[in-house]
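Chain by chain, the residues run as shown.
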Amino acid sequence: MNPDWIDKDFYKVLGVDKSASADEIKKKYRQLAKELHPDANPDNAKAEARFKSVSEAYDVLGNDTTRREYDEVRQAAASGAYRGGFPGGGQQGGFTSTMNFEDIFGGMFGGGGASRNRPRRGEDLETRITVSFADSLQGVSAPIRITGDTQCSRCKGSGAAPGTSPKTCTTCRGAGQVARNVGGFGIPQTCSDCRGTGRLIDNPCNDCRGAGIVRDTRSINIKVPQGVKDGARIRLAGRGGPGTQGGPSGDLIVLVTVTAHPIFQRKDDHLTVTVPIGLDEATLGAEVAVPVVTGGPVKLKIPAGTHSGKIFRLKGRGVQTAKGKQGDLLVTVEIAVPQKLSKAAREALESYREAMKDIDPREDLLKRAAAAPRIDPDGV
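Residues numbered from 1 in each chain as written. Predicted model: local features only at pLDDT ≥ 70, side-chain atom pairs only at ≥ 80, totals over all residues. Heavy atoms only, no water.

Concerning the sheet that holds strand E9 (residues 233–236)
Here three strands make up an open sheet; going across it, the order is E2-E10-E9 and the pairing mixed. Of all the strands in the sheet, just strand E2 (125–131) and E9 have a single pairing partner and so form its edges. Strand after strand, the sheet turns through a mean of 25° between neighbouring axes, direction not considered. Where E9 and strand E10 (residues 252–258) come together, four bridges link them in antiparallel fashion. Counted as the bridge partner of arginine 233 is leucine 255 from E10. (Pairing = 2+ DSSP bridges. Helix = DSSP H or I, 4+ residues; strand = E, 2+ residues; numbered from the N terminus. Axes fitted to C-alpha atoms, helices over the stretch in contact; angles between N-to-C directions.)

Dropping the structure here:
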């Protein structure tokens, strides 16, 4: 437990309600971290300070155990539970004790200060990749570059120079905290010798300077599966931020953007395309060429009397997913009206109009409209 917990309202820092779910807290943190990240706000000290506050808040609230401890500490402090100091602390001046915090707070917080030094899983990281429409259908392997914290390869994350290892801090006995009485108000504080880690490193690693973590840019080859959709999330286990105290690394989440195709669109596992046909083809029937995503065009039979907007289905010409599912190609035909006519074409259409003058294509529509209930324009 950190003494700052008593004074800092981490829910307010993140802008969430105390009853917020873990997913709501995580979503809010990611939003704020993206907005406030130093890479997005160069030379902005205010944004950097806010970023650190948000990260500190999520470090506590983003973990079920520490969140529960934090809530209990805040509730206990509000009720005056810490007044008078800790057992054996007395009421004198400001002293530092090496008492075992697991013994003092174990029953109350399920592990006390030692819980800060338990193995913790690293943060999940997010990045984006853009693939072409064709690559989304057939799958592709592509490299992505990630800049962020990663485990130091020289010391394997221990922080100690190769051939050496950290030792347990004798001041806090590995708890990371010591009891301190200030003005009759007893609170635990981060051990100043080990800075809360519970460990001391006599010979730090030269590459990470004892942190066990370095910031670098690395390239990762990602396999985009066949049939991936725009907006899909691909999770790479263990490729995210490094864990602490020997905890596992987080995951890398890759958000996929699929570029638009000039002809085809996607609907679930089906592809759609609009094919123009002539008036004569729609009226008399015809076989027309239809483009497909693989190979040359295929023939589609248009029955006589086909209306504009009719949809035809070509089985198995859609998306094939990584699970083996095969979609169809949905072809919408649209009667193309010519903008320019030759003299012969115009004469033929005029002859057609004369031949069809006794047939009103709107006759049925007008009959049904006349039979429907009428609206009185003067009614209320």
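Moving on from the model shown.
Some points on a nonpolar patch on the surface
Residues Leu279, Leu341, Leu349, Tyr352, Met356 and Ile359 make up a contiguous nonpolar surface patch of roughly 500 Å² in combined accessible area. Given the relative accessible area of 42%, leucine 279 is considered partly exposed. (Patch = residues over 30% accessible without salt bridge, like charges linked within 9 Å, V, L, I, M, F, W, Y side chains within 5 Å. Areas by Shrake-Rupley, 256 points an atom, 1.4 Å probe, with all protein chains shown as cover. Salt bridge = Lys/Arg side-chain N within 4 Å of Asp/Glu carboxyl O. Buried < 20%, exposed > 50% of the residue type's maximum accessible area, 1.4 Å probe, protein only.)

Description of the packing of helix H3 (residues 22–36) against helix H4 (residues 45–61)
Running from N to C, H3 and H4 cross one another at 160°; their axes reach a closest spacing of 9 Å. Taken together, the axes of H3 and H4 are roughly antiparallel relative to one another. Crossing hand, H3 versus H4: left-handed. Between H3 and H4, the contacting residues are Ile25, Lys26, Tyr29, Leu32, Ala33 and Leu36 on the first element and Ala47, Arg50, Phe51, Val54, Ser55, Tyr58 and Leu61 on the second. (Parallel < 35°, antiparallel > 145°, perpendicular 65-115°, else oblique. Left-handed = near helix turned anticlockwise from the far one by under 90°. Contact = heavy atoms within 4.5 Å.)

Observations concerning the packing of aromatic side chains
Throughout the structure, instances matching the rule amount to three aromatic pairs. Both rings, one in tyrosine 11 and one in tyrosine 70, keep their centres 6.1 Å apart while their planes meet at 50°; by these two values the pair is tilted. Here the residue tyrosine 11 occupies a position in helix H2 (residues 10–14), and tyrosine 70 occupies one in helix H5 (residues 64–78), the gap between them amounting to 59 residues. The exposure class assigned to tyrosine 70 is buried, which follows from its relative accessible area of 1%. Pairwise contacts between aromatic rings join Phe10, Tyr11 and Tyr70 into one cluster. Between lysine 310 and the ring centre of phenylalanine 312, over which it is positioned, the NZ or CZ distance is 5.5 Å. (Phe/Tyr/Trp six-rings, centres within 6.5 Å; stacked < 30°, edge-to-face > 60°. Lys NZ or Arg CZ within 6 Å of the ring centre and 35° of its normal.)

Let's talk about the sheet that holds strand E16 (residues 329–335)
Across the sheet, which stays open at both edges, the four strands sit in the order E11-E12-E16-E15 with mixed pairing between neighbours. Edge positions in the open sheet fall to strand E11 (265–267) and strand E15 (311–314), since each of these has one partner strand only. Averaged over all pairs of adjacent strands, the angle between their axes in this sheet comes to 35°, without regard to strand direction. In terms of strand pairing, E11 meets strand E12 (residues 270–277) through three bridges, oriented antiparallel. Considered in E12, the bridge of lysine 267 is made with histidine 270.

Brief notes about the pattern of salt bridges
Across all of its chains, the model carries 22 salt bridges by this definition. Ionic pairing is found between lysine 52 and glutamate 48, a salt bridge with its closest N-O pair at 3.8 Å. Pair noted here: lysine 52 and glutamate 48 are both in helix H4, with a separation of four residues, about one helical turn. By relative accessible area, lysine 52 is classed as exposed at 53%. Between aspartate 124 and arginine 121 there is a salt bridge, and its shortest N-O distance comes to 2.9 Å. A residue is classified by how much of its surface remains accessible, and aspartate 124, at 14% relative accessible area, is buried. Assessed through its relative accessible area of 44%, arginine 121 is described here as partly exposed.

Quick word on the confidence of the model for the chain
For the chain, per-residue confidence averages 82 on the pLDDT scale, and residues scoring 70 or more make up 85% of the total. Below a pLDDT of 50 lies the segment residues 83–115, which in the model reaches 69 contacts outside its immediate sequence neighbourhood of four places, other chains included. (pLDDT = per-residue confidence, 0-100.)

Points about the side chain of aspartate 269
Structurally, aspartate 269 is set in the loop between E11 and E12. The buried category is assigned to aspartate 269, whose relative accessible area is 13%. Of note is the side chain of aspartate 269, whose polar atom sits 3.3 Å from the side chain of arginine 266. (Polar contact = N/O pair within 3.5 Å; in protein donor to acceptor, adjacent residues only side chain to side chain.)

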